[in-house]
Amino acid sequence: MNQEALYLRLPVWLQNLACSYEGWRIQRARYNADFWRRLAESEERLGWPAAQLANFRDERLRGFLRHCYETVPYYRRTWDSLGLNYQKVQTLADLAAWPILDKTTVRANYAELLSTAVPEKDRVIAHTSGTTGAGLRFAVTREFQREQWAVWWRYRRWHGIQTDTWCGYFGGRSLVPLGQRQPPFWRMNHPGRQIMFSGYHVSPTNLPAYVAQLNRLRPPWLHGYPSLLAVVAGYLLDQGEKLDYQPQWITTGAENLLANQTALIEAAFGVRPRQHYGMSEGVANISETVTGKLVVDEDFAAVEFVPAIRGASPGDTGTQHQGHRIIGTNLANLALPLVRYEVGDIAQLPPVVNDEKNTTGGELAGRRVAEIDGRLEDYIVLKNGAKLGRMDHIFKDLVRIQEAQLYQNEPGKICIRIVRGQGYTPADEAQLLGEFRQRVGDQAELQVEYHPALARTPTGKLRFVVSQIPEGRI
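Our subject in this report is the structure included herewith. Here the structure is a predicted model, which is why all the values come from computation and not from measurement.

Reading the values: the criteria
- The residue numbers shown here count from 1 along each chain, following its written sequence.
- Predicted model: local features are reported for residues with pLDDT of at least 70 only, side-chain atom pairs are reported and counted for 80 or more only, and whole-chain, interface and lining totals are derived from all residues.
- Excluding hydrogens and water, the side-chain figures rest on all heavy atoms present in the structure.
- A strand pair is defined by DSSP finding two or more bridges across the two strands.
- A run of H or I in DSSP counts as a helix once it spans at least four residues, and a run of E counts as a strand once it spans at least two, with each numbered from the N terminus.
- When accessible area is computed with a 1.4 Å probe and restricted to protein chains, residues below 20% of their type maximum are described as buried, those above 50% as exposed, and intermediate ones as partly exposed.
- The contact rule is simple, with two residues in contact once any of their heavy atoms fall within 4.5 Å.
- A pair of Phe, Tyr and Trp rings is counted when the ring centres sit within 6.5 Å of each other, with Trp represented by its six-membered ring. The angle between the planes then sorts it: under 30 degrees is stacked, over 60 is edge-to-face, the rest tilted.
- Note on criteria: charge over ring means Lys NZ or Arg CZ within 6 Å of the ring centre, with the direction from the centre no more than 35 degrees off the ring normal.
- Directions drawn from the helix axis to the C-beta atoms are what define this arc.
- For salt bridges, the criterion is a side-chain nitrogen of Lys or Arg within 4 Å of an Asp or Glu carboxyl oxygen.

**Re the sheet that holds strand E14 (residues 368–369)**
Then comes step 1: With respect to topology, nine strands assemble into an open sheet ordered E4-E5-E3-E6-E7-E8-E9-E10-E14, the strand pairing being mixed. The outermost strands of the open sheet, each flanked by one partner alone, are strand E4 (186–189) and E14.
Then comes step 2: Where strand E3 (residues 167–170) and strand E6 (residues 221–224) come together, four bridges link them in parallel fashion. Its bridge partner lying in E6, Gly-168 is registered against Leu-222.

Structure below.
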């Protein structure tokens, strides 16, 4: 029996204790003196002009490429075979002709991509699934994790949120046994100041309990998947209700925040949601400022925007409409360095993408992004009417799945479309179905289909959830 299965068998009070213990463990490991030093340094850079910030990024990039060539066998072999000299790279623009790395290549060459300068004892295993549903487990350093969280907390502190602010969290973690029919549909993480609401019990029947708990504990900050927050907001508006208090902040992550979701959340809660774009691999980070601009965190990663139309240049007709692929280099992770890694998301850029002078109000003078067309998903609708968003975390450890897509044309029926990766076996299918069952129980019939490839949108995106059900479509 794995840890999650054991946890779900515990009584509620012990589950709360387990969540608080995990919260204490994370707080202790993450928010140490090194974190606070990195946070202070990152906040000092808020006053830098754009040119100074770009120089800082490019200096980090040059040192990072040297580290890659000297300690990572894959890069040394690949770059030598292509006649690429890292010493000739002076700025981010000089990388434009270098090869792009994708998740499939990383999985196939994982051992050769590990840096020999970072011993195994100093590596921490992280995982991601991304927009394609293809799982990836990869090594990071603790220093990388603390720098990443420092950048994320810089964004939050712009808006006045502090590390001890109580948060009502709406995400995809498996916190509450799926078969539970009565509240509480939440668990408490006291050290982390979190009321963790289950994303798998957000059904019309249960939503009054969610609202009652928010009114009882009155967390000033709500954070989570916009799809979940929009469901709660829609319920309040449909019922003609308001919370008994007004949250001070609402922030979103893990999914694209759509204009209609923004309007819905603001109408219901009385505060405009703010969004942040990042990922476990740390190859790109984009934060919304207090004035509502999406700005690249230039000091954390080397981010490139490549036209989505293959072979086009940024000035070509149609490129602006089709958007730009997000390509990034994770300057802070020395354990598994990723150079020009394709995230799989598309960014729409404004006509002018550079702020040549620092913005006002202590904001970051990075390149601007108009919107991000990434992790845009429909809902999965269960038999009981519950809507589930952000389902790709189910695939985070299923590393032998190359791509996945969820298709639904009837509530309570899910077609799981799979492109098998190397080494995929019936045991992987059994694990996949087991992961789904832990989250949907008997509220959905599951069917697995295998395909040689999955259809893309005109911009080359793979939609992870495709719904033909009116109440499931975004």
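**Focus on the pairing of strand E8 (residues 274–277)**
Then comes step 1: A two-sided burial pattern is seen for E8, the buried positions comprising Arg-274 and His-276 on one face and Gln-275 and Tyr-277 on the other.
Then comes step 2: Note: strand E7 (residues 249–252) against E8, two bridges, orientation parallel. Along E8, the bridge assignment pairs Thr-251 with Arg-274.
Then comes step 3: Note: E8 against strand E9 (residues 286–288), two bridges, orientation antiparallel. Each bridged residue has a counterpart across the sheet, and for His-276 the counterpart in E9 is Ser-287.

**Here's the deal with the side chain of Asn-206**
Then comes step 1: Examined against the element boundaries, Asn-206 turns out to sit in the loop between strand E5 (194–197) and helix H9 (207–217).
Then comes step 2: Taking the relative accessible area as the measure of exposure, Asn-206 reaches 11% and is therefore buried.
Then comes step 3: Contact partners of Asn-206, with chain neighbours within four places excluded, come to Arg-181, Phe-185 and His-201.

**A closer look at the packing of aromatic side chains**
Then comes step 1: This model, assessed by the stated rule, comprises 19 aromatic pairs.
Then comes step 2: The lysine or arginine in question, Lys-387, covers the ring of Tyr-379, its NZ or CZ lying 5.4 Å from the ring centre.
Then comes step 3: If you follow Arg-420 out to its NZ or CZ, it ends over the ring of Tyr-450, 4.1 Å from the centre.

**Description of helix H5 (residues 73–82)**
Then comes step 1: Tyr-74, Tyr-75, Thr-78 and Trp-79 are the residues of H5 that are buried. Here the buried residues of H5 occupy an arc of 105° about the axis, which is enough to place them on one side.
Then comes step 2: Considering only its buried residues, H5 is in contact with helix H4 (50–71), helix H6 (103–108) and helix H7 (110–113).
Then comes step 3: At the C-terminal side of H5, Gly-83 shows a positive phi close to 70°.

**Section: unusual backbone geometry**
Then comes step 1: Residue Pro-183 is joined to Pro-184 through a cis peptide bond whose omega torsion reads 15°.
Then comes step 2: Along the polypeptide, Pro-184 turns up in the loop between E3 and E4.
Then comes step 3: A positive phi is found at Arg-193, a non-glycine position, where the angle reads about 55°.
Then comes step 4: Within the fold, Arg-193 resides in the loop between E4 and E5.
Then comes step 5: Overall, the relative accessible area of 30% leaves Arg-193 in the partly exposed class.
Then comes step 6: One non-glycine residue with positive phi stands out, namely Arg-340, at about 55°.
Then comes step 7: Within the secondary structure layout, Arg-340 lies in the loop between strand E12 (324–329) and strand E13 (341–348).

**Observations regarding the pattern of salt bridges**
Then comes step 1: A complete count under the given rule lists 23 salt bridges for this structure.
Then comes step 2: With a shortest N-O distance of 2.5 Å, Arg-77 and Glu-112 are connected by a salt bridge. With Arg-77 in helix H5 and Glu-112 in helix H7, this residue pair connects regions lying 35 residues apart in the sequence.
Then comes step 3: We note a salt bridge from Lys-413 to Glu-410, for which the minimum N-O separation is 3.6 Å.
Then comes step 4: Under the relative-accessibility criterion, Lys-413 is labelled partly exposed at 35%.

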